[in-house]
Protein chains: 6
Amino acid sequence: MIAVYPGSFDPMTNGHLDLIERAASVFDEVIVAIAPNVGKEPLFTVEERREMLSEVCRGLRNVSVDSFDGLLVSYVQKKNARVIVKGLRAVSDFQYEFEMALTNRRLAPSVETVFLMTSADYSYLSSSLVKEIAALGGSVQGLAPESVEEKLKQRLQEAVRRDTP
Amino acid sequence: MIAVYPGSFDPMTNGHLDLIERAASVFDEVIVAIAPNVGKEPLFTVEERREMLSEVCRGLRNVSVDSFDGLLVSYVQKKNARVIVKGLRAVSDFQYEFEMALTNRRLAPSVETVFLMTSADYSYLSSSLVKEIAALGGSVQGLAPESVEEKLKQRLQEAVRRDTP
Amino acid sequence: MIAVYPGSFDPMTNGHLDLIERAASVFDEVIVAIAPNVGKEPLFTVEERREMLSEVCRGLRNVSVDSFDGLLVSYVQKKNARVIVKGLRAVSDFQYEFEMALTNRRLAPSVETVFLMTSADYSYLSSSLVKEIAALGGSVQGLAPESVEEKLKQRLQEAVRRDTP
Amino acid sequence: MIAVYPGSFDPMTNGHLDLIERAASVFDEVIVAIAPNVGKEPLFTVEERREMLSEVCRGLRNVSVDSFDGLLVSYVQKKNARVIVKGLRAVSDFQYEFEMALTNRRLAPSVETVFLMTSADYSYLSSSLVKEIAALGGSVQGLAPESVEEKLKQRLQEAVRRDTP
Amino acid sequence: MIAVYPGSFDPMTNGHLDLIERAASVFDEVIVAIAPNVGKEPLFTVEERREMLSEVCRGLRNVSVDSFDGLLVSYVQKKNARVIVKGLRAVSDFQYEFEMALTNRRLAPSVETVFLMTSADYSYLSSSLVKEIAALGGSVQGLAPESVEEKLKQRLQEAVRRDTP
Amino acid sequence: MIAVYPGSFDPMTNGHLDLIERAASVFDEVIVAIAPNVGKEPLFTVEERREMLSEVCRGLRNVSVDSFDGLLVSYVQKKNARVIVKGLRAVSDFQYEFEMALTNRRLAPSVETVFLMTSADYSYLSSSLVKEIAALGGSVQGLAPESVEEKLKQRLQEAVRRDTP
């Protein structure tokens, strides 16, 4: 069974990594798929996000990294996958996830959304939180892979430079 | 009893239509009232939204379509209505609805907010979802009235053209 | 429009009274309907609950008190009503209410469940809370009508007497 | 991948059936496992529940029915399964499910709990609801498989006979 | 500031201990207060629960253990305390806690309920879960203090002996 | 015990004032700390918000008003405080508050987040609601201190003037 784990991963966190490892232990093949940005300006380009994900997932032999445009379910079907993997955090936005899962079921009834639970250690973690902490000068050690931490610090310093007159 | 069903209807969905029909079966007269846009730029003008709603509701004899500025409760009172109708979806943002209902009660204690449940079939549906699906090239058939579907497709193509350099 | 407001009212609280008054301002006729007890042993008999409700609602001319057996929707239809009124408390069990509303819609599609919001003052109030406070020797003044308060005190003293060897 | 779908199935509903079919489409093998009753007296014996489940699942070639005692995770490991399947309903008790999933992860870190979404049509459905409707004389047609419906009617009539003096 | 941390502690868990330590770091004095049992039969007597708590809390110099009857707020006032401490778990029953806090505020406006967050590690933990795991033959190591673990095993074996004919 | 009550207070509401008074009754010293704006443009400058808060809190002898940049926990530690006070509203965004509290615990384990409950009267109140009502021409009397009400009216008229061509 091939499973697609979609997200914006802007940037990836240790919560994402935890979920990728869980998915890799349940499904034959896992495709981590960077979703198109709807609305908000990303901090990292798709290419940069792909690199970070690829580096961190190198050790997981049944995991690959990709990106897609258009509808998620179209991408899933193109990849001959039948499962969308999503993470549920104990502290999380069920409603949005439910809305998306029910919508995707409507658009493609044969594709099943499967929820895995993130480790309780990362139940509070999200990309935007990681960005906020870093932007306020805090350390994200333990919240994101080291390579991501480094790139995040760099990027935010650039951003601050751009924002400050 | 006159009831006002407010919303931004940008654009209307089949979930809205479901709720209008339910409200029309409970109250003597239902005014579908397009609310002023606070903050975000709408996809359709008030006039366009009014036309779409009017066309779809033509068959419902005790339903009329209108728009308002300023506070909802002021509009309700001006219309001699005493009831605000809101939809509750099984998958929905209660907290925001509750906040609004308690606020409106504070502003106008004699106006009662009444919640009806959307059909389970549309529990995941929202205007923004419909827009997102359409924007990503998906079909919104069954999610919005046909006339809306057509106009939505048109508008988003224009938007894409404007956004793409 | 005739509306049925069902509940166990064991005993009625000021939150129930608040909701009855709101329903009476929205619908032409409101039937307060004491539901059959499923499972748990009531503190007051149906007859006692009916008396308490009738006394308190005496001043509301379009409100009557009744009790029923069997399915709620069957009772509603027998009464030529088309609306079930339920209270939503800001601090409340939506999920149970939603389950019941969706079930009732399935059993009788033409009957609509309508939710009104209890006053914020009573958002924490329930029959079981009132019973618990009274059982622990606390005053329920302001939480239940005076006549109920009196009967509650009596009943719980009897209960204590029975429970204590 | 072998998955275990545990529950009390007292009795099974169409919501359970929907979930079994979804699980069977995602995993190589699905074991429907009747859990021991903690606390409350069941309506049907484990043997009766097993028969009902077996009959209904006969057509699903990668689904088997079993029952277990003791801890779920011990059973899962004994069966060489690594996945527990649970249903999430849009209108559901996440908190309890989360508590159980986190507990099971603690007891057996290598066993993953995977959540699938029940069809929106059954989002309000539960065994206790089906029992309550039947007990009040309502029809559960469309809510439970026909064979279950029949047995349920029988059993509740016996129960009524026992309860009524 | 004296704070009262009420609960049934039947039996205490590592989640309770975590909260007692947090409360002890915030308030001058913490009274762990065993509440009267309303309704359900406890597994341990008040005396046994007090002993377990006292043993575990021996090292915390500003923590004492007590039990009370009647209303919590009456007990709090008798102890000259002005704060009730409650734990919030990420996976928890807010609604019940909110109901109780609002009720206690009504009964005694000068007593403030203060919520602390249990460690994420214990977010799924409750006395009933610990009892259930032990009853099913699982290990509660790491979920409850060792001394509690021992007593729990003993008690449940006695219970099983009583239940099994 | 010194406690820090952070927020954007843009502008302060009667709900904030209610919470400040509660915090001042529980802790030895309360610092109301205006947080840096992340993302959205504020209506009032930090200096204006500080003035409004200072004026309203003048009568509370153990309350001071300040502002900070960077991470909240760094500020808390610099102030030798060990407690962050946050308000929980019956109708509120727990999830966000939980995320923040768990994050802050991770960043500074010795700092405890303590939640107090806002009065039920203000359970629906937020700065953005107050701004929205005022922007739509409604009265915020009773929702914000008088001095704030006045400044709000002024500011929004200026805003309208700027927005309207």
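Each remark here, short or long, concerns the structure printed above.
To keep things clear, this report deals only with the structure shown in the data block. This is a predicted model, so every value here is computed, not measured.

### With respect to the relation of the copies chain E and chain F
Inference 1: Expressed as a screw operation, the relation of chain E to chain F combines 0.0 Å of axial shift with a rotation of 180 degrees, fitting to an RMSD of 0.0 Å. On this basis, the relationship between the two copies can be described by a two-fold rotation axis. Scanning chain E for the C-alpha nearest the rotation axis identifies Phe115(E), at a separation of 2.4 Å.
Inference 2: Taken as a fraction of all interface residues of chain E, those also at the interface in chain F reach 100%, which identifies the copy contact as same-surface.

### Examining the sheet that holds strand β2 (residues 29–34) of chain F
Inference 1: Taken together, ten strands build an open sheet; the order of strands is β3(E)-β2(E)-β1(E)-β4(E)-β5(E)-β5(F)-β4(F)-β1(F)-β2(F)-β3(F) and the sheet is mixed. Looking at the sheet topology across the chains shown, the edges are occupied by β3 (63–67) of chain E together with β3 (63–67) of chain F. For this sheet, the mean angle separating the axes of adjacent strands, direction not counted, is 35 degrees.
Inference 2: In terms of strand pairing, strand β4 (residues 83–88) of chain F meets strand β5 (residues 112–117) of chain F through six bridges, oriented parallel. Each residue of the ladder has a partner; that of Val85(F), found in β5(F), is Val114(F).
Inference 3: Of the strands in this sheet, β2 (29–34) and β3 of chain E touch helix α2 (residues 46–57) of chain E, which is tilted by about 180 degrees from β3(E).
Inference 4: Helix-sheet contacts for helix α1 (residues 14–26) of chain F involve β4 (83–88) and β5 (112–117) of chain E together with β1 (2–7), β2, β3, β4 and β5 of chain F, and the interaxial angle to β5(F) is about 120 degrees.

### Overview of the interface of chain A and chain D
Inference 1: Taken residue by residue, the interface counts 24 residues in chain A and 24 residues in chain D.
Inference 2: The largest per-residue losses of area from chain A upon contact with chain D belong to Phe98(A), Arg105(A) and Met117(A), which jointly make up 29% of the total buried on that side.
Inference 3: Seen at the junction of chain A and chain D, the total is nine residue pairs in polar contact (both at pLDDT 80 or more).
Inference 4: Listed by contribution, the elements that provide at least two residues to the side of chain A that touches chain D are α1 (14–26), β4 (83–88), α4 (94–107) and β5 (112–117) of chain A.
Inference 5: The residue makeup of the side of chain A that touches chain D, split by class, is 15 nonpolar, four polar and five charged.
Inference 6: Pairing geometry for β5(A) and strand β5 (residues 112–117) of chain D, over three bridges, is antiparallel.

### Details of the relation of the copies chain A and chain D
Inference 1: At an RMSD of 0.0 Å, chain A and chain D line up after a rotation of 180 degrees and a shift of 0.0 Å along the axis.
Inference 2: Taken as a fraction of all interface residues of chain A, those also at the interface in chain D reach 100%, which identifies the copy contact as same-surface.

### Some details on the interface of chain E and chain F
Inference 1: Across the contact, 24 residues belong to chain E and 24 residues belong to chain F.
Inference 2: For the pair chain E and chain F, the summed buried surface comes to about 2,100 Å²; carbon and sulfur atoms form 68% of the total.
Inference 3: Taken as a group, Phe98(E), Arg105(E) and Met117(E) account for 29% of the area that chain E buries against chain F, more than any other trio of residues on that side.
Inference 4: The tally of links from chain E across to chain F stands at two salt bridges.
Inference 5: Between Arg22(F) and Glu112(E) there is a salt bridge, and its shortest N-O distance comes to 3.1 Å.
Inference 6: Joining chain E to chain F, the criterion identifies nine residue pairs in polar contact (both at pLDDT 80 or more).

### Some details on the pairing of β4(F)
Residues and elements named next belong to chain F.
Inference 1: Most of β4 is tucked away, with five of its six residues classed as buried.
Inference 2: In this sheet, β4 lies alongside β1 in parallel orientation, the contact comprising two bridges. Paired with Ala 3 across the strands is Val 83, a residue of β4.

### Some details on helix α2 (residues 46–57) of chain A
All names here are of chain A.
Inference 1: With twelve residues, α2 extends 16 Å between its outermost C-alpha atoms, agreeing within 8% with the 16 Å of an ideal straight helix rising 1.5 Å per residue.
Inference 2: Buried residues of α2: Arg 49, Met 52, Leu 53 and Cys 57, and no others. Buried positions in α2, seen along its axis, are confined to an arc of 120 degrees and lie on one side of it.

### Some thoughts on the packing of aromatic side chains
Residues and elements named next belong to chain C.
Inference 1: For the coordinates displayed, the defined rule picks out 21 aromatic pairs over all chains.
Inference 2: Taken together, a centroid distance of 5.4 Å and an interplanar angle of 75 degrees make the contact between Tyr 5 and Phe 9 edge-to-face.
Inference 3: Assessed through its relative accessible area of 6%, Tyr 5 is described here as buried.

### Points about the nonpolar core
Inference 1: Counting residues in hydrophobic clusters, the biggest one holds 364 residues, and the most contacted among them are Phe27(A), Phe27(B), Phe27(C), Phe27(D), Phe27(E) and Phe27(F).
Inference 2: Ignoring any residue separated from it by four or fewer positions in sequence, one finds Phe27(E) in contact with Met1(E), Ala3(E), Asn62(E), Val83(E), Val85(E), Val114(E), Val26(F) and Phe27(F).

### Some details on the sheet that holds strand β1 (residues 2–7) of chain C
Inference 1: Read across the open sheet, the ten strands follow the order β3(B)-β2(B)-β1(B)-β4(B)-β5(B)-β5(C)-β4(C)-β1(C)-β2(C)-β3(C); overall the sheet is mixed. At either margin of the open sheet sits one strand with a lone partner, and together these are β3 (63–67) of chain B together with β3 (63–67) of chain C. Averaged over neighbouring strand pairs, the angle between their axes works out to 35 degrees when direction is ignored.
Inference 2: Sheet analysis places strand β1 (residues 2–7) of chain B next to strand β2 (residues 29–34) of chain B, joined by six bridges and oriented parallel. The partner of Tyr5(B) across the bridge, within β2(B), is Val32(B).
Inference 3: Helix-sheet contacts for helix α1 (residues 14–26) of chain C involve β4 (83–88) and β5 (112–117) of chain B together with β1, β2 (29–34), β3, β4 (83–88) and β5 (112–117) of chain C, and the interaxial angle to β5(C) is about 120 degrees.

### What to know about a negative patch on the surface
Inference 1: Taken together, the side chains of Asp28(A), Glu29(A), Asp28(D) and Glu29(D) present a region of like negative charge at the surface.
Inference 2: Structurally, Glu29(D) is set in strand β2 (residues 29–34).

### Describing unusual backbone geometry
Inference 1: Note that the residue after Asp10(B), namely Pro11(B), is joined by a cis bond; omega there is 0 degrees.
Inference 2: Residue placement: Pro11(B) occurs in the loop between β1 and α1 (14–26).
Inference 3: A positive phi angle, near 45 degrees, is found at Phe9(A), a position not held by glycine.
Inference 4: For Phe9(A), the location among the structural elements is in the loop between β1 (2–7) and α1.
Inference 5: In this structure, Asn80(A) takes a positive phi of about 60 degrees despite not being glycine.

About the criteria used
- Residues numbered from 1 in each chain as written.
- Chains lettered and ligands numbered in written order.
- Predicted model: local features only at pLDDT ≥ 70, side-chain atom pairs only at ≥ 80, totals over all residues.
- Heavy atoms only, no water.
- Least-squares fit on C-alpha atoms with pLDDT ≥ 70 in both.
- Contact = heavy atoms within 4.5 Å.
- Pairing = 2+ DSSP bridges.
- Helix = DSSP H or I, 4+ residues; strand = E, 2+ residues; numbered from the N terminus.
- Axes fitted to C-alpha atoms, helices over the stretch in contact; angles between N-to-C directions.
- Buried area = accessible area lost by both parts, 1.4 Å probe.
- Polar contact = N/O pair within 3.5 Å; in protein donor to acceptor, adjacent residues only side chain to side chain.
- Nonpolar A, V, L, I, M, F, W, Y, C, P; charged D, E, K, R; others polar.
- Salt bridge = Lys/Arg side-chain N within 4 Å of Asp/Glu carboxyl O.
- Buried < 20%, exposed > 50% of the residue type's maximum accessible area, 1.4 Å probe, protein only.
- Expected span 1.5 Å × (residues − 1).
- Arc of directions from axis to C-beta.
- Phe/Tyr/Trp six-rings, centres within 6.5 Å; stacked < 30°, edge-to-face > 60°.
- Core = buried A, V, L, I, M, F, W, Y, C linked by side-chain atoms within 4.5 Å.
- Patch = residues over 30% accessible without salt bridge, like charges linked within 9 Å, V, L, I, M, F, W, Y side chains within 5 Å.
- Areas by Shrake-Rupley, 256 points an atom, 1.4 Å probe, with all protein chains shown as cover.
- Lys, Arg positive; Asp, Glu negative; His and termini not counted.
- Charge placed at Lys NZ, Arg CZ, Asp CG, Glu CD.

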